[in-house]
Amino acid sequence: MPVSPTVRVQEAPFDPAAESAALTAGRVDVGGLASFVGLCRADDGLSALVLEHYPGMTERAITRIAEQACARWPLTGCTVIHRHGRLEPGAPIVLVLTASSHRAAALESCAFLIDWLKTGAPFWKREEFADGAERWVEAKAEDDLAAARWGGAP
Amino acid sequence: MRVLYFAWVRQRVGVAEEEVSPPPEVRDLAGLVAWLSARSPGHAAAFAQARQIRAAVNQEFAGPEAPVRAGDEIAFFPPVTGG
């Protein structure tokens, strides 16, 4: 039986150390824990990113992607936390943690999840700049390609 | 039928969601887009770039040929940019 992933969509910050500890506490079968933290980058004088999402569908879409990862790789644990709302440069946006007995499964499933989160979860980023300008981030063809290299859509 | 709009689609339409009752000849997403476009200049502006719009029916991504029915939750939005 694949493990059930932990998925949270929240405005509040997350604690990668506490989330990592939760995936390994009390067990001795975890040989590798892969983690990815996506952060808000300050490109071109950006003052904040505002992340809008589709409540309900977001959780469903991420859960489906995470369940795919748990079915495809022999994971002992998986956590995905994605923030929404207004995030300033340097702020963490997304956390992906995958644990397995062996490193390859942990690393590959972590990359799979990051790639699919970009193209399969209903989030939209709006950039706010110091001069008051705003613009919606456009989807990138290279993100579709990165997700496509893993095969069929979750 | 409940219709939700997100990101710049929401900004152009001018509302985040609305309750609509399209006529029976509106059977799929493409038909709904055509019908919604005639509701206001904002709707027309939002749907003018049809290739830039993605949709979901009952919280599942769906294409233009996806059927729509009374009671469905439909959403229109730009290509997603999460992660």
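Up top is the structure.
Here we summarise the structure given alongside this text.

Cut-offs used in this document
Per chain, residue numbering runs from 1 following the sequence as it is written. Numbering of ligands from 1 and lettering of chains from A proceed in the order in which they are written. For a predicted model such as this one, the threshold for reporting local features is a pLDDT of at least 70, and the threshold for listing and counting side-chain atom pairs is 80 or more; totals across whole chains, interfaces and linings nevertheless cover every residue. Side-chain figures throughout are based on the complete set of non-hydrogen atoms in the structure, without hydrogens or water. When a residue's accessible area, from a 1.4 Å probe over protein chains only, is under 20% of the maximum for its type it is buried; when over 50% it is exposed; and in between it is partly exposed. Each helix is a run of H or I in the DSSP string that is no shorter than four residues. Each strand is a run of E no shorter than two, and both are numbered from the N terminus. Our arc is simply the arc of the directions from the helix axis toward the C-beta atoms. Any pair of residues with heavy atoms lying within 4.5 Å of one another is described as a contacting pair. Whenever two N or O atoms come within 3.5 Å, that pair is a polar contact, provided that in protein one can donate a hydrogen and the other can accept it, and provided that, for residues adjacent in sequence, both atoms are side-chain atoms. The criterion is simple. A nonpolar core is a set of buried Ala, Val, Leu, Ile, Met, Phe, Trp, Tyr and Cys residues joined through side-chain atoms within 4.5 Å. Buried area: the accessible area, evaluated with a 1.4 Å probe, that two parts lose upon being put together, summed over both parts. Any Lys or Arg side-chain nitrogen located within 4 Å of an Asp or Glu carboxyl oxygen qualifies as a salt bridge.

1. Focus on helix 1 (residues 16-24) of chain A
Residue and element names in this part refer to chain A.
Reasoning step 1: Along helix 1, the residues that are buried comprise Glu19, Ser20 and Leu23. Each buried residue of helix 1 lies within a common arc of 100° when the element is viewed along its axis, so the set occupies one face. Among the exposed residues of helix 1, those pointing more than 90 degrees away from its buried face are Ala17 and Ala22.
Reasoning step 2: Among the structural elements, strand 1 (6-10), strand 2 (32-39), strand 4 (75-83) and strand 6 (92-100) are those in contact with the buried residues of helix 1.
Reasoning step 3: In this structure Asp15 caps helix 1, since a side-chain oxygen of it lies 3.1 Å from the backbone nitrogen of Ala17.
Reasoning step 4: Two residues or fewer past helix 1, Gly26 is found with a positive phi of approximately 75°.

2. Thoughts on the nonpolar core
Reasoning step 1: Ranked by internal contacts, the top residues of the largest apolar core, which has 33 residues, are Phe112(A) and Leu113(A).
Reasoning step 2: Only strand 3 (46-53), helix 2 (57-72), strand 4, strand 6, helix 3 (103-120) and strand 7 (123-129) of chain A provide two or more residues apiece to this core.
Reasoning step 3: With 8 residues, helix 3 of chain A is the single largest residue contributor to this core.
Reasoning step 4: The residues contacting Leu113(A), other than those within four sequence positions of it, are Ile65(A), Ala66(A), Ala69(A), Cys78(A), Val80(A), Val96(A) and Thr98(A).
Reasoning step 5: Counting residues in each nonpolar core, the second largest holds 31 residues, with Trp124(A), Val13(B), Leu36(B) and Ala46(B) among its members.

3. Examining the interface of chain B and chain A
Reasoning step 1: Across the boundary between the two partners, chain B contributes 21 residues, which contact 25 residues of chain A.
Reasoning step 2: Roughly 1900 Å² is buried in total at the junction of chain B and chain A, and carbon and sulfur atoms are behind 55% of that figure.
Reasoning step 3: One can count 3 salt bridges joining chain B with chain A.
Reasoning step 4: The salt bridge involving Glu60(B) is made with Arg60(A); its shortest N-O contact spans 2.8 Å.
Reasoning step 5: Across the contact surface, chain B and chain A share 13 residue pairs in polar contact (both at pLDDT 80 or more).
Reasoning step 6: Of all the secondary-structure elements, those providing two or more residues to the side of chain B that touches chain A are strand 1 (2-5), helix 1 (7-13), strand 4 (60-62) and strand 5 (73-77) of chain B.
Reasoning step 7: Among the elements that line the side of chain B that touches chain A, the one with the most residues is helix 1 of chain B, at 4 residues.

4. Thoughts on the pattern of salt bridges
All names here are of chain A.
Reasoning step 1: Taken as a whole, this structure holds 16 salt bridges over all chains when the rule is applied.
Reasoning step 2: Salt-bridge contacts for Arg41 lead to Asp43; the nearest nitrogen and oxygen are separated by 2.8 Å.
Reasoning step 3: Between Arg126 and Glu134 there is a salt bridge, with the nearest N and O atoms lying 3.2 Å from each other.
Reasoning step 4: Its relative accessible area of 15% is what places Arg126 among the buried residues.
Reasoning step 5: Counted as one network, the salt bridges with shared partners bring together Arg86, Glu88, Arg126, Glu128 and Glu134.

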